[in-house]
Amino acid sequence: MSISSVSPIATYVSAIKNETTAAETYAQVDSTTKLEVAAFEKSAASITSADGLLKNYSVLQVVLGAYGLSSLAGQTAVIKDLLTQDPTSSTSLAKSSGNAAWLAFADAFKTWGQNKGSSTVSPFLTDATSDVLSTTYTATKTLSVSSILPSASATGQTYTTAPVTTYDANSDAHQVALKWTQDSSNPLSWTVSAYDADGNATIDTNAYQVLFNQDGTLASATDMSTGKAVAADTAGTVALPISLNIMQSDGSSIQQSINLNLGTPGGTSGVTMAPKSSGTSTASPSQIVSLTSSADSSTTLTLPSITLGTTSGTNQTYVTAPFDPNEATDDANGTSAANRTTLSVKWVQDTSSPSTWQAYIIDPYGTQVTSTTFSTTFDNTGNVMQVNGQYSHDIPALQAQVNGVTYTVNVQPPNLSTSPLTQNSTLTSDSTVASTVTGVNINTAVSQFELSQYENSTDMQDNGVGNALYFTRKMSGVTTLAQLMSDPTLLKVAETVAGYDPSVFGTLDYDQQVRMLTNKVDFSKLSTPQQIQQYAERYLAMLQVNPQTPDKPATMLDLYGGGSSAEGIAALFGVNTSSSS
């Protein structure tokens, strides 16, 4: 390589300002890169096993390039071990090698490594922003309530919370909400019931009478199914027990107990009532609509117009709050919650046609309901465009039979929001993230592969700028000499800046290389972007003084002077491979 009239340092400084755009442009004009990216984007999301990846040349090349492991392209046994061994195990190749790039690669495919090389869902993610494949949560033990109910200035009021995501012992999510109903004669007495806001009847029937003091603070709670008072727990809070039914793979179900924490009697946190003088001005606004009944009929009900979801959302549902059409009679007769009829209208978005929703009547606690159904299709402004596939704005009534009684629900036209919906959540769950499994974001992998191809292009390699760009991009995550030496390009830059000829340095054994570089690479002076860029510029300056002949990217075997033993590259790290190519 001869000294160029155009300074490589100037080229580097210019390139670093807009490398991503330059790499994207390069990927469009370089036929090899363009074809491999197209093949990757077409096939990656359908690959669900290590064998499937190894058999797809283009996808494998893009993945290896994205993780800076193109030198492993011919090391099938090594790649397979990285893909099929649990990277969290101390005996895995990725972990025992101490190679940061290998570990990052194996961790991206951890779902395969922990499941013998395959998975039901591809680790390649099409989500534009996330690389999270799955997240597990701890089982919910407590739901804490922080609500201000309407004041005692009226009676017979209702309040429904927004649903909160609750997790069972299998880390399956359930939406749980609370409905509060004020007594028709005692304004300080409310009945609260938790229900499954997905409409899947996973919450057992429950009802508690909650009394408040004249100042609006919590006084006491009673289980209406037993008539027994709910005693405060050791922390002094009133916690109402509810049961979540968890279906098992064999069709049986088990129960998970969850406590509804209402707060401390006499306290100002938790659930309280608004001051009587304020009316409803300070009360928490109800978040879920309920059915209503007419004055002269308990079997003719009305569903007001509601906003079901958004025009851009998917897999959406809406379940109206539980409604007892015979509430006055049931209250007068002391009918238990388990023996009452409760009705909700459930709306479900069509997965294959997201603008269409289906509606029908359910009992949110699981009583058998025979219901008619209809579908509505919305236009792009969120208004009803079709009913049952016909252009119409006329919504038919729903009818349902429950315990031999026929109920009719007159439905007012619903709508969808064209902007994101926000709900005032007054329920919080104590579930936390137990573990997160990441995958490979397709967009990110393509971007990283394009950068790699651009940096390894002939123009970028001839003057060393490609290596300098790579060093700048990767070095911020490197803090040890072992990490640096596990990456051929980073090592080449460090060798050059240290004054060594990489072609000669590579013939030394690993221990010799370590001894020679230990005092040459000061990581305290490679801790900021400015320091890293200055180091890369020193590399380019050294190339101007001592030119190096560009070569194909060094393999790890070349780098460490390894031979052609059966163990191959893994032997350099003192570990054995278990797979056969």
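Residues numbered from 1 in each chain as written. Predicted model: local features only at pLDDT ≥ 70, side-chain atom pairs only at ≥ 80, totals over all residues. Heavy atoms only, no water.

Draft legend 1. Main features of the overall build of the protein. When helices and strands are tallied, the protein shows 19 helices and 30 strands. Taken over the C-alpha trace, the protein has a radius of gyration of 33 Å; the compact-globule value for 581 residues is 25 Å, which it surpasses by more than 25%. For the protein, the C-alpha atoms occupy an extent of roughly 95 × 60 × 50 Å along the three principal directions. Long-range pairs, those at least 24 residues apart, make up 61% of the contacts in the protein between residues at least 6 apart in sequence. Taking the average place of the 22 positive charges on the side chains of the protein and the average place of its 45 negative ones, the gap between the two points comes to 8 Å. (Helix = DSSP H or I, 4+ residues; strand = E, 2+ residues; numbered from the N terminus. Rg over C-alpha atoms; globule rule 2.2 N^0.38 Å. Contact = heavy atoms within 4.5 Å. Lys, Arg positive; Asp, Glu negative; His and termini not counted. Charge placed at Lys NZ, Arg CZ, Asp CG, Glu CD.)

Draft legend 2. Quick peek at the packing of aromatic side chains. Tallied over the entire structure, the rule returns ten aromatic pairs. An angle of 15° between the planes, with centres 5.2 Å apart, marks the rings of F471 and Y535 as stacked. With F471 in helix α13 (residues 465-474) and Y535 in helix α18 (residues 529-545), this residue pair connects regions lying 64 residues apart in the sequence. Here the two residues F471 and Y535 agree in accessibility, since each one is buried. (Phe/Tyr/Trp six-rings, centres within 6.5 Å; stacked < 30°, edge-to-face > 60°. Buried < 20%, exposed > 50% of the residue type's maximum accessible area, 1.4 Å probe, protein only.)

Draft legend 3. Broad picture of the pairing of strand β26 (residues 405-411). Both strand β16 (residues 297-303) and β26 contribute to a ladder of four bridges, which runs parallel. What sits directly across from L301, in β26, is V409. Sheet topology places strand β25 (residues 398-402) next to β26; five bridges connect them, and they run antiparallel. Across the sheet, the residue bridging to V402 is V405, located in β26. (Pairing = 2+ DSSP bridges.)

Draft legend 4. The arrangement of the sheet that holds strand β12 (residues 238-247) in detail. A sheet is described by the order of its strands in space; here four strands give the open sequence β12-β13-β3-β28, paired in mixed fashion. Of all the strands in the sheet, the pair left with one neighbour each is β12 and β28 (427-429). Averaged over neighbouring strand pairs, the angle between their axes works out to 25° when direction is ignored. Looking at chain direction, β12 and strand β13 (residues 253-263) are connected through ten bridges and run antiparallel. When the bridges of β13 are listed, A239 appears paired with N261. (Axes fitted to C-alpha atoms, helices over the stretch in contact; angles between N-to-C directions.)

Draft legend 5. Region of the structure containing the confidence of the model for the protein. Averaged over the protein, the pLDDT score is 91; the fraction of residues at 70 or greater is 93%. Every residue in residues 553-569 scores below 50 in pLDDT, and together they form 40 contacts with partners more than four places removed in sequence or on other chains. (pLDDT = per-residue confidence, 0-100.)

Draft legend 6. Quick look at the sheet that holds β16. Ordered in space as β15-β16-β26-β25-β21, the five strands form an open sheet in which the pairing is mixed. Every interior strand has two partners, whereas the edge strands, β15 (292-294) and β21 (370-371), have only one.

Draft legend 7. Molecular detail of helix α11 (residues 442-455). The end-to-end C-alpha distance of α11 is 20 Å, a good match for the 20 Å that 14 residues give at a rise of 1.5 Å each. Burial runs high along α11: ten of the 14 residues are buried. Among the residues of α11, those classed as buried are I442, A445, V446, F449, E450, L451, S452, Q453, Y454 and E455. Looking at where α11 begins, the residue whose side-chain oxygen comes 3.0 Å from the main-chain nitrogen of N443 is N441. (Expected span 1.5 Å × (residues − 1). Polar contact = N/O pair within 3.5 Å; in protein donor to acceptor, adjacent residues only side chain to side chain.)

Draft legend 8. Structural context of the layout of surface pockets. For the second largest pocket, the calculated volume is near 790 Å³. In terms of lining, the second largest pocket is formed by 32 residues, of which the most central are T181, T191, E327, D331 and R340. Counting only elements with at least two residues in the lining of the second largest pocket, the list comes to β7 (173-182), β8 (189-196) and α10 (327-333). Broken down by element, the lining of the second largest pocket gets its largest block of residues, four residues, from β8. Looking at the lining of the second largest pocket residue by residue, the class counts come to nine nonpolar, 17 polar and six charged. (1 Å grid on protein atoms, 1.4 Å probe; cavity = no way out; pocket = protein on both sides within 12 Å on 5 of 7 lines; lining within 4 Å. Points joined across faces, edges and corners; volume = space filled by probe spheres on them. Nonpolar A, V, L, I, M, F, W, Y, C, P; charged D, E, K, R; others polar.)

Draft legend 9. Molecular detail of the side chain of S151. Checked against the element boundaries, S151 lands in the loop between β4 (148-149) and β5 (158-160). With relative accessibility at 1%, the residue S151 sits in the buried group. Polar contacts involving the side chain of S151 include one to the side chain of S153, which spans 2.8 Å.

Draft legend 10. Region of interest: unusual backbone geometry. The backbone of A201 sits at a positive phi, close to 55°, despite the residue not being glycine. Within the secondary structure, A201 is located in the loop between β8 and β9 (208-212). A residue is classified by how much of its surface remains accessible, and A201, at 23% relative accessible area, is partly exposed. Even without being glycine, N315 reaches a positive phi, approximately 50°. Among the secondary structure elements, N315 is positioned in the loop between β17 (307-310) and β18 (317-319). A relative accessible area of 61% means that N315 is categorised as exposed.

Draft legend 11. Here's a closer look at the domain arrangement of the protein. Here the domain parsing of the protein yields domain 1 (31-132 + 438-456), domain 2 (138-429) and domain 3 (464-550). For domain 1 and domain 2, the distance between their C-alpha centres works out to 45 Å. (Domains from an automatic or database assignment.)

Draft legend 12. Main features of the environment of S298. Its location among the elements puts S298 in strand β16. By relative accessible area, which is 31% here, S298 ends up partly exposed. Taking C-alpha positions, S298 is 52 Å from D131, a pair spaced 167 residues apart along the chain. If sequence neighbours within four positions are ignored, S298 has contacts with P325, N326 and Y407. Within polar-contact distance, the side chain of S298 engages the side chain of N326 at 3.4 Å.

Draft legend 13. Examining the packing of helix α3 (residues 31-43) against α11 more closely. Two elements in contact, α3 and α11, have axes whose closest approach is 11 Å; the angle formed by their N-to-C orientations is 165°. If you check the angle between α3 and α11, you find them roughly antiparallel. The crossing of α3 and α11 is right-handed. Seen from α3, the contacting residues are T33, E36, V37, F40 and E41; seen from α11, they are I442, A445, V446, F449, E450 and Q453. Across the contact of α3 with α11, the residue classes tally to six nonpolar, two polar and three charged. (Parallel < 35°, antiparallel > 145°, perpendicular 65-115°, else oblique. Left-handed = near helix turned anticlockwise from the far one by under 90°.)

Draft legend 14. Examining the pattern of salt bridges more closely. Scanning all chains against the criterion turns up five salt bridges. In this structure, the salt-bridge partner of D107 is K110, at a minimum N-O distance of 3.7 Å. Residue classification places K110 among the buried residues on the basis of a relative accessible area of 13%. The partner of E455 in a salt bridge is R473, with the nearest N and O atoms 2.8 Å apart. Here R473 lies in helix α13 and E455 lies in helix α11, a separation of 18 residues in the sequence. (Salt bridge = Lys/Arg side-chain N within 4 Å of Asp/Glu carboxyl O.)

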